[in-house]
Amino acid sequence: MKIKLAALCLLASSSAIAEDSSVIAGFNYTKSLSAEATVTFDVSDNEVTEDLDISTLGLYLGYITKRNNRFTVSYSSATIDFDKSNVSEDVTGFDFDWQFVYGENQVQPYWGIGFGLHTIDDAVVLTGSNLEGDSLSGLSFQLMGGIKIPVNDLVEFDVSLQRKAYAWQSVDVQAGFVTDTVNLAYVQNALNFGAGFKF
């Protein structure tokens, strides 16, 4: 009897969680408000900075808890334009974000934190070296704050400000007779727009 009662309680609690929780899928478009690349060279003890313009389009899949918080996994593709050099490169990768949403009103404030795994295809920083045309791998860390606007039970809009930092792998490069270790980092402050669909 006790086993049957425990099973019934477990089933009831699982059903309640299922009713209050859901899956969400959607897309985001992010445009940098300000962004900068920093390159440091270990041997020559030199540092170079340059302003960037970053546009990112992402698709995500996530889970909404019964408290309306979110865990999302997204795949993104970004185009990075270098202001002075007048060149560009593409960055792709996956982001893992936790979002903490407050309230159940028409406008719901939230904040979030996350990290990502990314790759630069044909990294600009390697141009003119023995590694020209190679890719670089790196990690990102991001903070965000914004609002979610439910349109109905199935659709919501998202507007947020984000700060994201990329740390790329260090590489040893050779240009002519000079060999040096290159360290690369990007930082951006950005405005994000998105839409999600619950099911």
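Before reading on, note that the structure itself is shown above.
Let us look at the structure shown here.

Let us look at the pairing of strand β1 (residues 22–41). Alignment of β1 against strand β2 (residues 46–64), held across 16 bridges, turns out to be antiparallel. Within β2, the residue paired with Ile24 across the bridge is Gly62. Connecting β1 to the next strand, β2, in antiparallel fashion are four residues, including Asp45 with a positive phi near 55°. As paired strands, β1 and strand β9 (residues 178–198) are joined by 17 bridges and run antiparallel to one another.

Right, let's talk about the nonpolar core for a bit. Of all hydrophobic cores here, the largest spans 21 residues; its most connected members are Leu52, Ile120, Leu136, Trp168 and Tyr186. Those residues in contact with Leu136, other than ones at most four positions away along the chain, are His118, Thr119, Ile120, Ala123, Val125, Leu126, Trp168, Gln169, Val171 and Leu184.

Glancing now at the pattern of salt bridges. Here the structure, examined in full by the defined rule, presents six salt bridges. With its nearest N and O atoms 3.2 Å apart, the salt bridge here joins Lys164 to Asp95. Here Asp95 lies in strand β4 (residues 87–101) and Lys164 lies in strand β7 (residues 155–168), a separation of 69 residues in the sequence. Residue class for Lys164 comes out buried when judged on its relative accessible area of 8%. Given the relative accessible area of 4%, Asp95 is considered buried. Residue Lys148 pairs with Asp158 through a salt bridge whose shortest N-O separation is 2.5 Å. Highlighted residues: Lys148 in strand β6 (residues 136–150) and Asp158 in strand β7, separated in sequence by 10 residues. Of the two residues examined, Lys148 and Asp158, each falls in the buried class. Within this structure, Arg70, Lys148, Glu156, Asp158 and Lys198 form a network of salt bridges that share partners.

Although it is not a glycine, Asn68 adopts a positive phi angle of roughly 75°. Along the chain, Asn68 turns up in the loop between β2 and β3 (70–82). The phi dihedral of Asn86 is positive, around 60°, even though this residue is not glycine. Under the relative-accessibility criterion, Asn86 is labelled exposed at 69%.

Conventions we followed
- Residues numbered from 1 in each chain as written.
- Predicted model: local features only at pLDDT ≥ 70, side-chain atom pairs only at ≥ 80, totals over all residues.
- Heavy atoms only, no water.
- Pairing = 2+ DSSP bridges.
- Helix = DSSP H or I, 4+ residues; strand = E, 2+ residues; numbered from the N terminus.
- Core = buried A, V, L, I, M, F, W, Y, C linked by side-chain atoms within 4.5 Å.
- Buried < 20%, exposed > 50% of the residue type's maximum accessible area, 1.4 Å probe, protein only.
- Contact = heavy atoms within 4.5 Å.
- Salt bridge = Lys/Arg side-chain N within 4 Å of Asp/Glu carboxyl O.

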